[in-house]
Amino acid sequence: MNPTNEYLAVRPEAGEAPPPSPWGLLRLRQQLETGLPLTPRPYETLAEHSGLSEGEVINAIRQWQAQGLIKRLGLVVRHRTLGYTSNAMVVWDIPDNRVRDVGRVMAGSPIVTLCYRRPRRLPDWPYNLFCMIHGISRERVLTQLGKLIREQQLERFPHSVLFSSKAYKQRGGCYVGHD
Amino acid sequence: MKPDSTDRQLIDLYQRNLPLSERPFLEMARTLGISEAEVIRRLQSLQERQVITRVGPVFEHSRAGASLLAAVAAPEQQMDLVAARISRAPGVNHNYAREHTYNLWFVMTAPDEDTLQDRLRHLEHQLQLPILQLPMTEGYHIDLGFEIDWEALP
């Protein structure tokens, strides 16, 4: 199944209602890239622009959340503006048979904002676990990382810290239609 | 202008679980003890001040089309030029300089895997630099929004 089509698998609100229009759902999906309109009835505004009803919009968003297509619905904070100017990508070389367990524990740390497994690319790139730490200064990030290493006994795993020195481009993904 | 205590509450309470009802901002207003109009005005202001990029859904991108993290090792004196080319390439939505031999890191997206590979090949050809391709194979983090440590901020 084409990944985009996952968004079309929305059941009608009530048993007898007709299924929502696929084009309407795709238009809704695209409009949501830029967030909710800040009107008293944002879902109605989205409905007007996508050719669905307000109920269909709410129903679709609820089901996309339940299916995991939407991770969360809420304020998307720009950390840099608030003073979180230091962000480090920490990459680790963890034995393949341990990486899942280590990754799950690492993801549970409140200082870790993302945690993914990725393939090694030997010989250039030996690291298979990535996590992101956002902080207000380089020193603070390094202190937090030191604490994480001690608490989770990560001393024996080689790692490297890649601080970001410049953001050239930063925006939400666009997957439907354009680009 | 720094977020005041009501702004902070909005951020702390609603990085997730924004109400899915006909009047979501009214529901939020009741929780915060302010008016619906004030919630909307504050959200607009937070957006204008770029404290938030938007109010809305965060999509699970690994399931919405194809994407991957990629890196190149650009010669130090050409970094800005190479970065500009990467930023202009179709499907690139994040592009950062990082302190490493692989000094430019970006996320490339596409509607499907074939298009993604085409875009990468094209960019590689254009840059004349090998691209390190690092797709996500497993995600361990559940995105609940990032708890802001207000006290620690400058």
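Rules used throughout
In every chain, residue numbers begin from 1 and rise along the written sequence. Chains and ligands are labelled sequentially in the order written, the chains with letters from A and the ligands with numbers from 1. With the structure being a predicted model, the display of local features is reserved for residues of pLDDT at least 70 and the display and counting of side-chain atom pairs for 80 or more, all residues being used for whole-chain, interface and lining totals. Strands are runs of DSSP state E lasting at least 2 residues, helices are runs of H or I lasting at least 4, and numbering of each runs from the N terminus. A radius of gyration in this sense is built from C-alpha atoms; the matching globule rule multiplies 2.2 Å by the number of residues raised to 0.38. Between the buried cut of 20 or more and the exposed cut of 12 or fewer other C-beta atoms within 10 Å of a residue's own C-beta lies the partly exposed class, and all C-beta atoms are placed from the backbone. Two residues qualify as being in contact provided that their C-beta atoms, derived from the backbone, are within 7 Å of each other. Any residue that is not Ala, Val, Leu, Ile, Met, Phe, Trp, Tyr, Cys, Pro, Asp, Glu, Lys or Arg is counted as polar, Gly included; the first ten are nonpolar and the last four charged. Pairing between strands is defined by DSSP: at least two bridges between them are needed. Only C-alpha atoms enter the line fits that serve as axes; for helices the fit covers just the stretch in contact. Angles between N-to-C directions range over 0 to 180 degrees. Defined on buried residues, the nonpolar core groups Ala, Val, Leu, Ile, Met, Phe, Trp, Tyr and Cys residues joined through C-beta atoms within 7 Å. Confidence of the predictor at the level of single residues is given by pLDDT, which spans 0 to 100. Note that the term roughly parallel is reserved for angles under 35 degrees, roughly antiparallel for angles over 145, roughly perpendicular for angles of 65 to 115, and oblique for everything else.

Concerning the overall build of chain B
Next, step 1: For chain B, the count of helices and strands is five helices and six strands.
Next, step 2: Put simply, chain B runs from its N terminus to its C terminus through helices and strands in the order α-α-α-β-β-α-β-β-α-β-β.
Next, step 3: Radius of gyration (C-alpha) of chain B: 20 Å, far over the 15 Å computed for a compact globule of 154 residues.
Next, step 4: The principal-axis extents of the C-alpha atoms in chain B amount to approximately 60 × 35 × 25 Å.
Next, step 5: Within chain B, the fraction of its 154 residues that count as buried is 32%.

Observations regarding the overall build of chain A
Next, step 1: The helix and strand inventory of chain A stands at six helices and five strands.
Next, step 2: Helices (α) and strands (β) of chain A occur, in sequence order from the N terminus, as α-α-α-β-α-β-α-β-β-α-β.
Next, step 3: Against the globule reference of 16 Å for 179 residues, chain A gives a C-alpha radius of gyration of 21 Å, more extended than a compact globule.
Next, step 4: In terms of overall dimensions, chain A has C-alpha extents of about 60 × 35 × 30 Å along its principal axes.
Next, step 5: Taking all 179 residues of chain A together, 32% fall into the buried category.
Next, step 6: Sequence-distant contacts in chain A: of pairs separated by 6 or more residues, those separated by 24 or more amount to 56%.

Digging into the interface of chain B and chain A
Next, step 1: Each partner contributes residues to the interface: chain B has 67 residues there, and chain A has 67 residues.
Next, step 2: It is strand β1 (residues 52-59) of chain B that provides the largest number of residues to the side of chain B that touches chain A, a total of eight residues.
Next, step 3: Partitioning the side of chain B that touches chain A into residue classes produces 34 nonpolar, 20 polar and 13 charged.

A word on the sheet that holds strand β6 (residues 138-139) of chain B
Next, step 1: Spatially, nine strands are ordered β5(B)-β2(B)-β4(B)-β3(B)-β5(A)-β2(A)-β4(A)-β3(A)-β6(B) in an open sheet, and the strand pairing comes out antiparallel. Strand pairing shows two members of the sheet lacking a second neighbour, β5 (132-134) and β6 of chain B, which therefore form its edges.
Next, step 2: Across five bridges, strand β3 (residues 112-117) of chain A lies against strand β4 (residues 129-135) of chain A in antiparallel orientation. Its bridge partner lying in β4(A), V112(A) is registered against I133(A).
Next, step 3: On top of the sheet, helix α4 (residues 79-88) of chain B reaches β5 (159-170) of chain A together with β2 (66-72), β3 (92-98) and β4 (104-110) of chain B; it is set at about 165° to β3(B), its chief contact.
Next, step 4: Against the sheet, helix α5 (residues 113-127) of chain B makes contact with β2, β4 and β5 of chain B, and its axis sits at roughly 140° relative to β4(B), the strand it touches most.

Things to note about the environment of Q117(B)
Residues and elements named next belong to chain B.
Next, step 1: For Q117, the position within the fold is in helix α5.
Next, step 2: Classification of Q117 as partly exposed rests on a count of 15 C-beta atoms within 10 Å.
Next, step 3: Between the C-alpha atom of Q117 and that of S67, which follows or precedes it by 50 residues, the distance is 9.8 Å.

What to know about the nonpolar core
Next, step 1: Within the largest apolar cluster, 34 residues are counted, with the highest numbers of intra-cluster contacts made by L28(A), V57(A), A60(A) and I61(A).
Next, step 2: Among the elements that line this core, the one with the most residues is helix α3 (residues 54-66) of chain A, at five residues.
Next, step 3: Residues contacting V57(A), with those up to four places away along its chain left out, are L28(A), Y43(A), L46(A), A47(A) and L52(A).
Next, step 4: Among the nonpolar cores identified, the runner-up in size contains 22 residues, and C115(A), Y127(A), L162(A) and Y140(B) belong to it.

Structural notes on the confidence of the model for chain B
Next, step 1: Chain-level pLDDT for chain B is 93 on average; 96% of the residues reach the 70-or-more range.
Next, step 2: As a predicted assembly, this complex carries a pTM of 0.77 together with an ipTM value of 0.79.

Concerning the packing of helix α2 (residues 24-32) of chain B against helix α3 (residues 36-48) of chain B
All names here are of chain B.
Next, step 1: Packing of α2 against α3 leaves a shortest axis separation of 8 Å and a crossing angle of 100°. Compared by their axis directions, α2 and α3 come out roughly perpendicular. Only E36, E38, V39 and I40 of α3 make contact with α2, whose side of the interface consists of F25, L26, M28 and A29.
Next, step 2: Classifying every residue of the contact of α2 with α3 by side-chain character gives six nonpolar, no polar and two charged.

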